[in-house]
Structures are given as C-alpha cells and as structure tokens.
Amino acid sequence: MLETVAVFGLGKYQLDGIKQLQQNNFKIIGFDEQKYPFSRKNVDIFYHILFTNRAKIQNICLKYKVRYLLSFNTEAPLILISKLNKNLNLSGYRIKDIELIANKIKLRNFFKSKMNLKKPKFLSFRNFTEIQREKKLLKFPLVCKPNVGSGSRGVFLARNFFELAKLFQINKNFYFTQRILLEEFIDNNEFAVEGWIYKKKFIFGCLSKKVRTEPPYLLDKNLIINYQNLKIKKKIINFLNLFVKKSNIDNMPVHFEFFERKGNIIPVDISLRGAGFGVYSNILSKIMRQSSDKILINLVMKKKIVFNKPNKKIYFLNFFSTNKKGIFKGIKNVKKLISLDTFSEIDLYKKKNSKVFPLKKGGDRIGHFLLEGYFNSIIKDINFIKKYIEAKVINE
C-alpha cells in the first residue's frame, strides 16, 4: 500500500519536489489557494482551498491517512503545516520553530538575549499612530518591515520621517494585522547562505554575495552564488551551529541572510523554507550534485542523508527590471548574452508588449538570466553584461 503525503503549494517552482515524491511512489494530495495551479495535474488528488481553512484540511489529511506534510521553496504554508503536524502527531516542522522564525521581532529578541547580538538595533510598534507619538526615538535611515511576512513584501528604506510616512501609506496593506518593525539600515556587504540542520548540526551548502536594488525597495538585483570566501564560511558555520544549539531546531532546511562587518555576522533574516523559488533551488542542487528537494523530503521523513561536498562552480543570477512604467519590448543585446560561454539560461516572466512597472516587489520583475562557470570566466562575462544587457521598456 502506498504511503500518502500532502503537498502545500503547487506552483511552477514546486514541480521538481513533487516529481521527487512521484519517483518514490507516494500518493500525493495537493493543496493550493489558486484554482488552476501549475502543478495540479502532477498530484493524485487536488484541493483548491484557502490555507486558513485548517479544520477542513485536517479532516482531508485524516481521511487519506496522510503520513507527511511538505512544501517546496515557499514559507507561506509553514505555520499551517506545523499546526497540522502537532494535531496529527506527524514528524516535520514544529510550531515553536516556525513561530520563532516567522515572527521577526521574536527572532531579533532571541538573537539579542540568547546569542548576545547587539546589531541590528530595532524598535517595534503596534501601528503608525504609535510611531508618530514616539518619533523622537527614531534614528534614520531605517528599514521598515512587517513583523510577519515573507521575502521583500512591504519592506522599504526611509531616510527621514516624511519618507517613512509616505512609503508606509503606499505599503499599508502589508501591515494590516502586523506589528511594525523599524530597524537600523546597514550599508555593508550582504550575503546569504543555504544549508540544512541535520542531527543538531548545520550542514553548509553554499554562500551567495548579494547586490540590492536602489532604495527605497531593497530587492535582490543580482547574486554571485557559491561565492568562495573561506573566512566568512567558517564564521557563518560557527554562527549557525550556535543558533542550532540555542534554538534546538533540527531537521530543517535553512536560508539565512546577513551582513558581514569587521568580522562580525549581523542577521537580516532567516527562513526554514529552503533556497527559495525554482532557480535558487536548481542551482543549489547543481552545487551539491544532489537534489535539494530530495534532501528536504528526507529531513521531514527523518531518513538518513549523506551530503555531498559542494563543488566550486560559480553562478551569476541577474534579474531584469525597470525604473519606469511602460511597455516591455524585449532584452537589449540578447544574442550577445546567449553567445557567452558561461550562459546557462534566460527566463522572462513578462510577455513582449506587456505592461511593466517600477520595481517595488518580486512580482514586478521582468525576468532573469543565469551565467555558470568558474571564477575567471564568470568575472569577465559579468563585466561585459553590466554594460550591454538590459530590458527594453518604452513609454506607454
């Protein structure tokens, strides 16, 4: 008899994880809030349902005797999954772990009290009226974030109180039921690390060096993935092993963003969803020479994992975007891009002649391209594409 698993989120970037489950002969119950998600035909039974309807989802899981609950490359369902795991007595994500990571204020207080971190400095408020009342406490520039939420949604930089008020009004829907986190802006080298917590130890996957877009919206512009820096690697392994010891989190994928300043690690954000949307996960699998989705499945199912040693191939991921509202007309010098020896892929999220908008959130991106190779060839091609490759956008 086949064991049954439930997968939450059936988009394009979840397909590889679902295929891993198919290869291992699981019966798959799929849940998605969209009526026609990309991967709905790749599961055995599909339910279009809001993730807030926990009671109904729990009854479905009981009906089909679901053994494991999974989500791939997204953190949106993790609170739901952790609560279902507790109610159904299943292994996998635990409520206390997810609530610590999902709540930015709680996480920062943990870093401060349990790990003795003094940076970044932050304040939290119930609403904007409270901010106005206490504005003498504010030291600009500040980064404003919703207390609970994934990625860059609602996150912006304000250089003064006027900008803070204006940008908060534009982004207020992201703060509707959330406390407001105001955090000092640190203008320094930013990095991200991918890895796993396995048997109470952090397993290193890869390091990325990040370049952000210009303020006020701080999104990834490009990344050098599998960036080689032994000094930072050692520091981040020590940091995350201490985090594992203090938090008692185990058997989880980890994505951790941070600044490095004068040898110190300054946290930005941490999540337990894994590498993120498809291209990140695919790159991580190439670096590890094993499927990152399969690693996640084995973590949740508490199976033995043998981790390969990461290779040293470097990946340059660059996102296309625009700073004006207009019509997307294609990519300048795309043939030159494709002809590069290091060229790996190009993916356009917007159709030619479609409307595009200034970059405020991930959904405003036009597409991405990926270069793949070793250090000298990658650096040469990065310098070339910075001059010649960009999205063509004309006025409406």
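Here, every reference points to the structure presented above.
Fair warning: this is a prediction, and the values are worked out from it, not measured in the lab.

**Q** Would you mind going over the overall build of the chain with me for this structure?
**A** Within the chain, the regular secondary structure consists of 12 helices and 19 strands. Expected size for 396 residues packed as a compact globule is a radius of gyration near 21 Å; at 21 Å, the chain falls within 12% of this value. Reported as C-alpha extents along the three principal axes, the dimensions of the chain are approximately 60 × 55 × 45 Å. Across the 396 residues that make up the chain, the buried fraction comes to 53%. The long-range fraction of contacts in the chain, counting pairs at least 24 apart against all pairs at least 6 apart in sequence, stands at 65%. In the form shown here, the chain has an accessible surface area of approximately 20,100 Å², with 50% of it arising from carbon and sulfur atoms. Of note, the chain has its 76 positive side-chain charges centred 2 Å away from the centre of its 31 negative side-chain charges.

**Q** Can you walk me through the environment of Phe239 in this structure?
**A** Of note, Phe239 is situated in helix H8 (residues 230–247). Separated by 26 residues in sequence, Phe239 and Ile265 place their C-alpha atoms 7.6 Å apart. Excluding residues within four positions of it along the chain, Phe239 makes contact with Phe111, Met115, Leu117, Phe256, Ile265 and Pro267.

**Q** Where do I start with the sheet that holds strand S1 (residues 4–8) in this structure?
**A** Remark on secondary structure: sheet strands pair via backbone hydrogen bonds, oriented parallel or antiparallel. Judged by pairing direction, the sheet is parallel, and its 4 strands sit side by side in the order S3-S2-S1-S4 without closing on themselves. Across the chains shown, the open sheet's two edge strands, defined by having one partner strand only, are strand S3 (45–48) and strand S4 (66–70). Taken pair by pair, the neighbouring strands of this sheet meet at an average axis angle of 20 degrees, ignoring direction. Helix H3 (residues 78–88) rests against S1 and S4 of the sheet, and its axis sits at about 155 degrees to S4.

**Q** Got a minute to help me understand the pattern of salt bridges in this structure?
**A** Oppositely charged side chains are able to pair whenever their charged atoms sit close together. Summed over all chains, the structure comprises 22 salt bridges. Taking the shortest distance from any N to any O, the salt bridge between Asp97 and Arg94 comes out at 2.8 Å. The class for Asp97 is buried, based on a relative accessible area of 1%. Relative accessible area serves as the criterion here: at 32%, Arg94 is assigned to the partly exposed category. Through salt bridges with shared partners, a single ionic network connects Glu190, Lys210, Arg212, Asp220 and Glu257.

Basis of the calculations
Residues numbered from 1 in each chain as written. Predicted model: local features only at pLDDT ≥ 70, side-chain atom pairs only at ≥ 80, totals over all residues. Heavy atoms only, no water. Helix = DSSP H or I, 4+ residues; strand = E, 2+ residues; numbered from the N terminus. Rg over C-alpha atoms; globule rule 2.2 N^0.38 Å. Buried < 20%, exposed > 50% of the residue type's maximum accessible area, 1.4 Å probe, protein only. Contact = heavy atoms within 4.5 Å. Areas by Shrake-Rupley, 256 points an atom, 1.4 Å probe, with all protein chains shown as cover. Lys, Arg positive; Asp, Glu negative; His and termini not counted. Charge placed at Lys NZ, Arg CZ, Asp CG, Glu CD. Pairing = 2+ DSSP bridges. Axes fitted to C-alpha atoms, helices over the stretch in contact; angles between N-to-C directions. Salt bridge = Lys/Arg side-chain N within 4 Å of Asp/Glu carboxyl O.

Geometric values such as these leave the question of function open.
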